[in-house]
Amino acid sequence: MNTIITILVSVIIFGVLILSHEFGHFIVARKCGVIVEEFAMGMGPVLWKKETEETTYSIRLFPIGGFCQMKGEDSEDNEEGSFSALKPFKKILVLCAGSAMNFIVAVILFFTIICFSGNVATTTIATVLEDSPAALSELRAGDEIIMIDGTALGEWEELSSLINSKGGNPVTFTVVSEGESVKKDIIVTPYLDEETQSYKVGITPEVTTNVFLAFFQAFGYVGTYIRLIFEVFGELFGGVIGMEAFSGPIGATVMIGQTISMGFVYVLNIAASIAVSLGLFNMFPFPALDGSRVLFAFIEWIKGSPVNPKWEGAIHFAGLVFLMGFAVFIAYNDIVTFF
């Protein structure tokens, strides 16, 4: 049963991410006047389709991914409504739209995670760690900390510095217990955490959500993941790590299965990280990827005429062959690693 759930969740995640990528191409292509000949959900044989004046919408047998087939995408067709007839700038917009949509999905997912998890620590105690100095005192979950040794506590982040300033000596917590209105003083003697070399009492805060802040934090998480991906590639080319550090769909499916039991927030985090990876990977200027097509559009923009379609097609085909081989290698690596 767990395996079936893992596969279903993985299919949904990959399907949504790839489909949103293709929808990015679709919507911007339409806005730029390009005729989209087919927009498909899934791959393989057609199960259902609806034909309109310009576009055929279809659902296909295998529920993974999809595609957006634009008129003149891989030809020299310069008729009205053809992708190849677009000005280079508009070509770049269409080509970048898929990855842009992946990043937007990642922002939405991170925003959802933050809203459910909370992003602002209050001055109210959420938990008191077992056998900690706080547990041995009268501090309890639900207590709101008003002052530390007579100094008003404005936000939770100030707590650590106030405790450390006492150098391990007893600290007086002025609190208001949940459901009460009377202040009371509780003396607690901190312990030294050897790992962090800081004094602690063994309490964690309740958190709330600032939606406005969560929006900007979501963008920050996307930026952080992008930076981490570049750092991993830097370590790869620097010989610090090997190819075993990389995973493909099989490895991602295993990780999704491992996080399902931990809760949907952890699953959303995996989905968001995959969305960032997919968006960034497609922008690499490697043949057959959107980034390579963007590069050719820039060359066309600079030289004033398109690159010979035969040469461009041959380069993209070679890149596609390499990527298929690389995908097989990554799949084999995942199987060896996880099974």
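Residue positions are given per chain, counted from 1 along the sequence in the order it is written. pLDDT decides what is reported in this predicted model: residues at 70 or higher carry local features, side-chain atom pairs at 80 or more are listed and counted, and totals for whole chains, interfaces and linings draw on all residues regardless. Only hydrogens and water are removed before side-chain values are computed, so all heavy atoms of the structure are retained for them.

Peer 1: Tell me what's going on with the overall build of the chain, and back it up with residues and numbers.
Peer 2: Along the backbone of the chain there are nine helices and 10 strands. At 27 Å, the chain has a C-alpha radius of gyration far larger than the 20 Å of a compact globule built from 339 residues. Each principal axis of the C-alpha atoms in the chain carries an extent, and together these give about 80 × 45 × 45 Å. Burial classes: relative accessible area under 20% of the type maximum marks a residue as buried, over 50% as exposed, and values in between as partly exposed (1.4 Å probe, protein chains only). Taken over 339 residues, the chain has a buried fraction of 39%. Of all intrachain contacts in the chain linking residues separated by at least 6 positions in sequence, the fraction that spans at least 24 positions is 61%. Distance from the positive charge centre (18 side chains) to the negative charge centre (35 side chains) of the chain: 11 Å. The numbering of helices and of strands both runs from the N terminus, where a helix is a DSSP run of H or I of at least 4 residues and a strand a run of E of at least 2. Two things to know: the radius of gyration comes from C-alpha atoms, and the globule rule equals 2.2 Å times the number of residues to the power 0.38. Contacts between residues were defined by any pair of non-hydrogen atoms, one from each residue, lying within 4.5 Å. His is not counted, nor are the chain ends, whereas Lys and Arg count as positive and Asp and Glu as negative. In this description, the location of a charge corresponds to atom NZ of lysine, CZ of arginine, CG of aspartate or CD of glutamate.

Peer 1: Which residues make up the nonpolar core, and what values go with them?
Peer 2: Among the nonpolar cores identified, the biggest contains 27 residues, and Phe110 and Ile274 are the most heavily contacted of them. Of all the elements in the fold, those that place two or more residues in this core are helix H1 (2–31), helix H2 (88–117), helix H5 (211–237), helix H6 (249–260) and helix H7 (264–282). Top contributing element to this core by residue count: H7, with 10 residues. If we skip the residues at most four places from it in the chain, Ile274 touches Phe14, Leu17, Ala252 and Ile256. Among buried residues, those of type Ala, Val, Leu, Ile, Met, Phe, Trp, Tyr and Cys that are joined through side-chain atoms within 4.5 Å constitute a nonpolar core. Grouped together as the second largest cluster of nonpolar side chains are 18 residues, Leu139, Phe173, Ile186 and Val188 included.

Peer 1: I'd love a proper account of the layout of surface pockets, names of residues and values included.
Peer 2: As defined here, a cavity is a set of points on a 1 Å grid over the protein atoms alone where a 1.4 Å probe fits but cannot get out. A pocket is an open set with protein on both sides within 12 Å along at least five of seven lines, and residues line them when an atom is within 4 Å of a point. Grid points are joined across faces, edges and corners, and a volume is the space filled by probe spheres set on the points. A volume near 480 Å³ is recorded for the second largest pocket. In terms of lining residues, the second largest pocket is bounded by 21 residues, among which Glu73, Ser75, Ser84, Pro309 and Glu312 are the most central. Contributions of two or more residues to the lining of the second largest pocket are made by H2, helix H8 (290–303) and helix H9 (309–338). Here the residues of the lining of the second largest pocket sort into seven nonpolar, six polar and eight charged. Asp, Glu, Lys and Arg are counted as charged, while Ala, Val, Leu, Ile, Met, Phe, Trp, Tyr, Cys and Pro are counted as nonpolar; the rest, among them Gly, fall into the polar class.

Peer 1: Hey, could you go over the environment of Leu139 for me, with residue numbers and the actual values?
Peer 2: Residue position: Leu139 is located in the loop between helix H3 (133–136) and strand E4 (144–148). Spatially, the C-alpha atoms of Leu139 and Thr52 are 68 Å apart, while their sequence positions differ by 87 residues. In this structure Leu139 touches Ile125, Val128, Ala134, Phe173, Val175, Ile186 and Val188, once residues within four positions along its chain are discounted.

Peer 1: Kindly report on the side chain of Glu300, identifying the contributing residues and their values.
Peer 2: The residue Glu300 is located in helix H8 in this model. Setting aside chain neighbours within four positions, we find Glu300 in contact with Leu86, Pro88, Lys91, Ser305 and Pro306.

Peer 1: Can you tell me about unusual backbone geometry, naming the residues and giving the values?
Peer 2: Outside of glycine, negative phi angles account for most residues, and trans bonds account for most peptide bonds. Even without being a glycine, Asp149 presents a positive backbone phi close to 50 degrees. Position of Asp149 relative to the elements: it lies in the loop between E4 and strand E5 (151–152). Positive phi outside glycine occurs at Gln197, with the angle close to 55 degrees.

Peer 1: Explain the packing of aromatic side chains residue by residue, including any values.
Peer 2: For this analysis, a ring pair means two rings from Phe, Tyr or Trp (six-membered ring only for Trp) whose centres lie within 6.5 Å, classed as stacked if their planes differ by under 30 degrees, edge-to-face if by over 60, and tilted for the remaining angles. This model, assessed by the stated rule, comprises 18 aromatic pairs. Ring centres of Phe110 and Tyr221 lie 5.5 Å apart, and the angle between their planes is 40 degrees; this geometry places the pair in the tilted category. A residue pair is termed long-range when its members are at least 10 positions apart, and Phe110 in helix H2 and Tyr221 in helix H5 qualify at 111 residues. Exposure remark for Tyr221: the relative accessible area of 39% places this residue in the partly exposed category.

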